[in-house]
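Residue strings, one per chain:
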Amino acid sequence: MKIITQSLAENSAAYLQGYLRQGDATTYPAMIIVPGGSYTHIPEQQAEDLALAWSARGYQAFFLRYSFVGEKTPLLPAPVVELAQSVAAIRQHAADWQVDAAKISVAGFSVGGHIVALFNDLWHDAKINQLAGTQPEQVKPHAVILGYPVISPKLGFPTDQQVLASWTSDPDSIAADELVNDQNVPTFVWVTAADPLVPVQNAMSYAQASLAHHVDTDLHVFHHGSHGLALANHVTAWKPGTALPHVAHWMDLANEWLDELD
């Protein structure tokens, strides 16, 4: 395995870290992990664990360290732009990195899910592509995965208006469920009904909007589990009760779903 770090833009702390399979001339699908962290940080060990789990399933795996609150004011849409730049960078380096350029998927968790949901809505948007210096055909993802996602400030997170103001000056512009359209790509959503931090209504609202636009949608609501479960196994368990074998099935389900899209 070769580990790489790809800067995305000058004067930006954002970067893409990759875990590249090597050894033959095979090309692999790619998966970009967009971790959570309330837009103030990312849990790098968890991001790496998620990336390596996809690597073990035959993916060229990456995680995105996007811009945080305080680095951009207001923050959004900078992380969405950086995700577009990430997809474009992987497509540009597809031959060198042994990536199947037609199969670049993105998985976002918590606020990382917010970034991915907005990107799913806006990958073809002229403003986002102008900011990213890209064209829509360079950034269109194959599919997206949303784990316990933040979707809209109207759905219970964040509750602090000062925090929201650091994200955006226009809350309507970041309500990802209201921006779903017919160009959204296939979407897999998983969440726990008991999530105490980000209400399950976030995931439900996005899935409902996706279905209304006839987007290939796979929704899984697990009855039990806290926020931030990641792989939901012993590798990413961050406190007692966060290794949940039933919830951990999300990864098998997502992998099977992706295989069915081929």
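It is not clear to me how the overall build of the chain should be interpreted in this structure. Could you clarify?
Of regular secondary structure, the chain possesses nine helices and eight strands. In summary, the chain has a C-alpha radius of gyration of 17 Å against a globular reference of 18 Å for 262 residues, a match within 12%. For the C-alpha atoms alone, the extent of the chain along its principal axes is close to 50 × 40 × 35 Å. Looking at the chain residue by residue over its 262 residues, the buried ones come to 56%. Partitioning the intrachain contacts of the chain with sequence separation of at least 6 by distance along the chain shows that 73% fall at a separation of at least 24.

Please explain the environment of L20 as it appears in this structure.
As for its position among the elements, L20 is in strand β2 (residues 15–20). Each C-alpha atom of the pair L20 and N129 lies 27 Å from the other, and the pair is 109 residues apart in sequence. Residue contacts for L20: discarding those within four places in its chain leaves M1, K2, I4, Q60, F62 and W97.

Where do I start with the pattern of salt bridges in this structure?
Opposite charge on two side chains permits them to pair, given that their charged atoms come into close proximity. Under the defined criterion, the tally for this structure stands at four salt bridges. Residue R65 pairs with E71 through a salt bridge whose shortest N-O separation is 2.9 Å. Taking the relative accessible area as the measure of exposure, R65 reaches 12% and is therefore buried. With a shortest N-O distance of 3.0 Å, K154 and E178 are connected by a salt bridge.

Would you mind going over helix α4 (residues 111–122) with me for this structure?
Counting along an α-helix, one turn takes 3.6 residues, and residues three or four places apart therefore face a common direction. Compared with an ideal rise of 1.5 Å per residue, which puts 12 residues at 16 Å, α4 spans 16 Å between its outermost C-alpha atoms and is within 8% of the ideal. Summarising burial for α4: 12 of the 12 residues are buried, a large majority. Where α4 is concerned, the buried positions are V111, G112, G113, H114, I115, V116, A117, L118, F119, N120, D121 and L122.

Hey, could you run me through the side chain of N255 in this one?
Along the polypeptide, N255 turns up in helix α9 (residues 250–261). Among all residues touching N255, those that are not within four sequence positions of it are W54, R57 and Y59.

Please explain a negative patch on the surface as it appears in this structure.
Taken together, the side chains of D216, E256, D259 and E260 present a region of like negative charge at the surface. With respect to the helices and strands, the residue E260 is situated in helix α9.

Would you take a moment to explain the sheet that holds strand β1 (residues 2–7) for this structure?
Sheet strands pair by backbone hydrogen bonding; their relative direction is either parallel or antiparallel. The strand order across the open sheet built from eight strands is β1-β2-β4-β3-β5-β6-β7-β8, with neighbouring strands paired in mixed fashion. Of all the strands in the sheet, the pair left with one neighbour each is β1 and β8 (217–222). Strand after strand, the sheet turns through a mean of 15° between neighbouring axes, direction not considered. The pairing of strand β5 (residues 99–109) with strand β6 (residues 144–147) spans four bridges and is classified as parallel. Bridge assignment links G108 to a residue of β6, and that residue is L146. α4 contacts β3 (28–34), β5, β6 and β7 (187–192) of the sheet and is inclined by roughly 130° relative to β5. Each of β6, β7 and β8 touches helix α8 (residues 201–212); the most contacted strand, β8, lies at about 155° to it.

Can you walk me through the packing of helix α1 (residues 44–55) against α9 in this structure?
Working note: a packed helix pair is described by the angle between its axes plus the distance between those axes. The contact between α1 and α9 brings their axes to 12 Å, and the two run at 50°. Compared by their axis directions, α1 and α9 come out oblique. Helix-helix and strand crossings are classified by hand; for α1 and α9 the assignment is right-handed. Of the residues in α9, those touching α1 at L50, A53 and W54 are W250, M251, A254, N255 and L258.

I would appreciate a short explanation of the pairing of β7 in the present structure.
The side chains of a regular strand alternate between both faces of the sheet. Most of β7 sits inside the fold, with six of its six residues counted as buried. In β7, alternate side chains face the same way, and those of T187, V189 and V191 on one face and F188, W190 and T192 on the other are all buried. Inspection of the sheet shows β6 paired to β7 by four bridges, in the parallel sense. When the bridges of β7 are listed, V144 appears paired with T187. In the classification by handedness, the crossover that spans β6, the intervening helix α7 (residues 161–167) and the parallel β7 is right-handed. Where β7 and β8 come together, six bridges link them in parallel fashion. In the sheet register, F188 faces β8, and the bridge partner there is D218.

Whenever I open this one, the packing of aromatic side chains confuses me. Can you help?
The geometry of two aromatic rings is summed up by the distance between their centres and the angle between their planes. Taken as a whole and assessed by the stated rule, the structure comprises 13 aromatic pairs. Here the aromatic rings of F109 and W250 are separated by 5.8 Å at their centres, their planes lie at 65°, and the arrangement is edge-to-face. Of the two residues, F109 sits in strand β5 while W250 sits in helix α9, which places them 141 residues apart along the sequence. On the basis of relative accessibility, which here comes to 1%, the residue F109 falls in the buried class. Pairing F157 with W167 gives two aromatic rings, centres 6.2 Å apart and planes at 50°, and the pair type is tilted. Within this pair, whereas F157 is found in the loop between β6 and α7, its partner W167 is found in helix α7, the two being separated by 10 residues in sequence. For the pair shown, F157 and W167 are each scored as buried. Three or more aromatic residues joined by ring pairs make a cluster, and in this case those are Y39, Y66, F68, F157 and W167.

Analysis parameters
- Think of each chain on its own: its residues are numbered from 1, step by step along the sequence as written.
- Local features in this predicted model are restricted to residues whose pLDDT is 70 or higher, and side-chain atom pairs enter the listing and the counts only when it is 80 or higher, whereas totals over whole chains, interfaces and linings include all residues.
- Only hydrogens and water are set aside; all other atoms, that is, all heavy atoms of the structure, feed into the side-chain values.
- Strands here are runs of E lasting at least two residues and helices are runs of H or I lasting at least four, both read from the DSSP assignment and numbered beginning at the N terminus.
- For the radius of gyration, the atom set is restricted to C-alpha positions; the globular benchmark scales as 2.2 Å times the number of residues to the power 0.38.
- Here's how the labels work: a residue is buried when its accessible area is under 20% of the maximum for its type, exposed when over 50%, partly exposed in between, all with a 1.4 Å probe on protein chains only.
- Two residues form a contact once any of their heavy atoms are found within 4.5 Å.
- A carboxyl oxygen of Asp or Glu within 4 Å of a side-chain nitrogen of Lys or Arg is what we treat as a salt bridge.
- Expected span, for any helix, means 1.5 Å times one less than how many residues it has.
- What makes a patch is a set of residues exposed beyond 30% relative accessible area and free of salt bridges, joined within 9 Å when like-charged and within 5 Å when nonpolar (Val, Leu, Ile, Met, Phe, Trp, Tyr).
- Only the protein chains shown count as cover for residues, with accessible areas throughout obtained via the Shrake-Rupley method and a probe of 1.4 Å.
- The convention is simple: Lys and Arg are positive, Asp and Glu are negative, and His and the chain ends are not counted.
- Note on charges: their place is set at NZ of Lys, CZ of Arg, CG of Asp or CD of Glu.
- DSSP-based pairing: two strands are paired if at least 2 bridges between them are found.
- Axis angles are defined between N-to-C directions and span 0 to 180 degrees, where every axis is a line fitted to C-alpha atoms and, for a helix, only to the segment in contact.
- If an angle is under 35 degrees, it is roughly parallel; if it is over 145, roughly antiparallel; if it lies from 65 to 115, roughly perpendicular; otherwise it is oblique.
- Left-handed is the label given to a crossing in which the near helix is rotated counterclockwise from the far helix by less than a right angle, and right-handed is the label when the rotation is clockwise.
- For the handedness criterion, the strands are oriented away from the viewer, and a crossover whose path from the first strand over the helix to the second runs clockwise is classed as right-handed.
- Side-chain rings of Phe, Tyr and Trp (the six-membered ring for Trp) are treated as a pair once their centres are within 6.5 Å; stacked means planes under 30 degrees apart, edge-to-face means over 60, and tilted covers the remaining angles.

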